[in-house]
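Listed below, chain by chain, are the residues.
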Amino acid sequence: MAVTFGYEYVVASPDQGQVLKGMFFPWCDHCTGTVLLQAVGIIGAVIMPHNLYLHSALVKSRDVDRTKTEKVREANYYFFIESCVALFCSFIINVFVVAVFAFGLFEKTNGQVYDMCIENNSTFSYVFETQDRTEFVDADLFKGGVFLGCAFGAAAMYIWGVGILAAGQSSTMTGTYAGQFAMEGFLNLQWSRWKRVLFTRTIAVVPTFFVAFYLDINNLTGMNDLLNAVMSLQLPFATIPTIAFTSNPQIMGEFVNGLANKIASITLSVVVIAINTFFVVHSVIYDIPHEWGIWLALAVFVVFYLFMCTYFVLHMIVSMGNTRLNEYQFVSKYIKCPEATDFGLSTQNFSS
């Protein structure tokens, strides 16, 4: 991804000063609410909830002597570096993609791109031929690749395709790995490794394969926005339990979150969740048909969703040591449950 999208960045050659300015002062003059909402949607695409589960599983799989404080502290240091390197690479790749299309498609109409495709004898010019010539380009993965081919040559289009394939492989692997670890924990699978891998990854990959096989390119590219919205909705189910577990002294011992970490993590989680919730609500209002049956089902889902979020928040508060809530029967019965302080990280698990 870095090589292919980096190539596109070099070929497009956007204004480096504007790119650096946008990193530290992310704003867009004269942009509509829709454009700003799309920018906010990037948060949902970058902060993927399943990666929180995946990183937890990877940390759990490392052979660290957890009986020695200094070994755990050393491991945490390298885990922190590892996460920073991964997130930095992800950030650079996103800068490449966003900068290329911000430079090439900003205030470009379908007519302008179509004329560009005709001028360069592109075989994919029909993609923009049927669009309203006066409207700005509504880019997606497919149209974006066609634009690159029309603007910078066929090589740019095919290299973009390779990059998208690599991104798809990366996303599929991380999602499948996360699902595998989660299902192993929920189902307490004690099978041999190859059986667990085959079972869990089949459940994750087979439905995806059939969706990709039976839908056309337009449906698949449009599904990307839907997936971002779904991941945004799932963020509370990853961030809040993570804060709860890492703030629980019964689990973390001396490595429990301090006051500063608690405040920072809760604040960032609230901001990210609020932004993404606003993005999803906006998408729902404008994209879902106004039919009573659909809205009734949506209302039921919203009530259940808010109930689950409330449950997680109460569990987080209790995990942080708030004993007053334990006086309520509901909290003491359904929320304050015994925690395993070793998370299954016994010597036997490491040897297996």
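The model shown is predicted, which means the values in this text are computed figures rather than measured ones. (Residues numbered from 1 in each chain as written. Predicted model: local features only at pLDDT ≥ 70, side-chain atom pairs only at ≥ 80, totals over all residues. Heavy atoms only, no water.)

**Describing the overall build of the protein**
- Helix and strand content of the protein: 17 helices and 0 strands.
- Counting over 352 residues, the protein shows a buried share of 28%.
- Partitioning the contacts of the protein with sequence separation of at least 6, the portion at a separation of at least 24 is 64%.
- Within the structure as shown, the protein displays about 22,600 Å² of accessible surface, and the carbon and sulfur contribution to it stands at 67%. (Helix = DSSP H or I, 4+ residues; strand = E, 2+ residues; numbered from the N terminus. Buried < 20%, exposed > 50% of the residue type's maximum accessible area, 1.4 Å probe, protein only. Contact = heavy atoms within 4.5 Å. Areas by Shrake-Rupley, 256 points an atom, 1.4 Å probe, with all protein chains shown as cover.)

**Some points on the UniProt feature "transmembrane region" (unreviewed entry) in the protein**
- Feature annotation in UniProt places "transmembrane region" (unreviewed entry) on residues 35-54, 75-106, 146-167, 198-215, 266-286 and 292-314, given in this structure's numbering.
- Secondary structure across residues 146-167 divides into 95% helix and 0% strand, with the first and last C-alpha atoms of the span separated by 18 Å. (UniProt positions renumbered as here; feature names shortened; annotations may be inferred.)

**Topic: the packing of aromatic side chains**
- Evaluated as defined, the whole model comprises 11 aromatic pairs.
- Plain terms: the ring middles of Tyr77 and Tyr78 are 5.2 Å apart, the flat faces sit at 75° to each other, and that makes the pair edge-to-face.
- Between Phe237 and Phe312 the ring centres are 5.3 Å apart and the planes differ by 85°, which places this aromatic pair in the edge-to-face class. In this pair, Phe237 is assigned in helix H12 (residues 236-246) and Phe312 in helix H15 (residues 292-319), connecting sequence segments 75 residues apart.
- On the accessibility criterion, Phe312 (17% relative accessible area) is buried. (Phe/Tyr/Trp six-rings, centres within 6.5 Å; stacked < 30°, edge-to-face > 60°.)

**Describing the pattern of salt bridges**
- In this structure the tally under the stated criterion is 4 salt bridges.
- Across the salt bridge formed by Arg62 and Glu82, the nearest N and O atoms sit 3.3 Å from each other. Linking Arg62 in the loop between helix H4 (49-61) and helix H5 (69-105) with Glu82 in helix H5, this pair joins segments that are 20 residues apart in sequence.
- The partner of Asp65 in a salt bridge is Lys68, and the shortest N-O contact between them spans 4.0 Å.
- Under the relative-accessibility criterion, Lys68 is labelled partly exposed at 40%. (Salt bridge = Lys/Arg side-chain N within 4 Å of Asp/Glu carboxyl O.)

**Re the state of the cysteines**
- Here the structure, examined in full by the defined rule, presents 1 disulfide.
- Disulfide pairing is shown between Cys117 and Cys150; the S-S distance is 2.0 Å. In this structure, the disulfide formed by Cys117 and Cys150 twists by about 100° around the S-S bond and is classed as right-handed. Of this pair, Cys117 sits in helix H6 (residues 110-119) while Cys150 is found in helix H8 (residues 141-152), placing the two residues 33 residues apart along the sequence.
- Using a relative accessible area of 0% as the deciding quantity, one classes Cys117 as buried.
- Accessibility expressed as a relative area gives 0% for Cys150, which makes it buried. (Disulfide = S-S within 2.5 Å.)

**Quick word on the packing of H5 against H8**
- Two elements in contact, H5 and H8, have axes separated by 11 Å at closest approach and are oriented at 65°. Overall, the two elements H5 and H8 adopt an arrangement that is roughly perpendicular. Read as a crossing pair, H5 and H8 show a hand that is left-handed. Note on element contacts: H8 touches H5 through Gly144, Phe147 and Leu148, opposite Val100, Phe101, Gly104 and Leu105.
- Here the residues of the contact of H5 with H8 are counted per class, giving 5 nonpolar, 2 polar and no charged. (Axes fitted to C-alpha atoms, helices over the stretch in contact; angles between N-to-C directions. Parallel < 35°, antiparallel > 145°, perpendicular 65-115°, else oblique. Left-handed = near helix turned anticlockwise from the far one by under 90°. Nonpolar A, V, L, I, M, F, W, Y, C, P; charged D, E, K, R; others polar.)

**Let's talk about a nonpolar patch on the surface**
- Taken together, the side chains of Leu20, Met23, Phe24, Phe25, Phe88 and Phe91 make up a nonpolar region of the molecular surface, amounting to roughly 690 Å² of accessible area.
- Of the residues forming the nonpolar patch, the biggest block, 3 residues, is contributed by helix H2 (residues 16-24).
- Looking at the secondary structure, you find Phe91 in helix H5.
- On the accessibility criterion, Phe91 (39% relative accessible area) is partly exposed. (Patch = residues over 30% accessible without salt bridge, like charges linked within 9 Å, V, L, I, M, F, W, Y side chains within 5 Å.)

**Examining H6**
- When we look at burial in H6, the residues that qualify are Asn110, Gly111, Val113, Tyr114, Met116 and Cys117.
- Directly beyond the C-terminal end of H6, a positive phi value near 55° is found at Asn121.

**A closer look at the side chain of Ser269**
- Tracing the backbone shows Ser269 in helix H14 (residues 259-287).
- The class of Ser269 is buried, set by a relative accessible area of 12%.

**Quick notes on unusual backbone geometry**
- Phi angles above zero are rare outside glycine, and Ser13 is one such case at about 50°.
- The residue Ser13 is located in the loop between helix H1 (2-12) and H2 in this model.
- Residue class for Ser13 comes out partly exposed when judged on its relative accessible area of 46%.
- Even without being glycine, Glu107 reaches a positive phi, approximately 60°.
- With respect to the helices and strands, Glu107 occurs in the loop between H5 and H6.
- Taking the relative accessible area as the measure of exposure, Glu107 reaches 53% and is therefore exposed.

**Quick word on the nonpolar core**
- Counting residues in each nonpolar core, the largest one holds 24 residues, and the members touching the most others are Val113, Phe128, Phe147 and Leu148.
- At the level of elements, H1, H5, H6, helix H7 (126-129), H8 and helix H9 (154-187) are the ones that each hand at least two residues to this core.
- Here this core gets 7 residues from one element, more than from any other, and that element is H5.
- Those residues within four positions of Phe128 in sequence are excluded, and the remaining contacts are Asn110, Val113, Tyr114, Cys117, Val137, Lys143, Val146 and Phe147.
- The next biggest cluster of nonpolar side chains, apart from the first, holds 5 residues, and it includes Ile240, Ile243, Ala244 and Met316. (Core = buried A, V, L, I, M, F, W, Y, C linked by side-chain atoms within 4.5 Å.)

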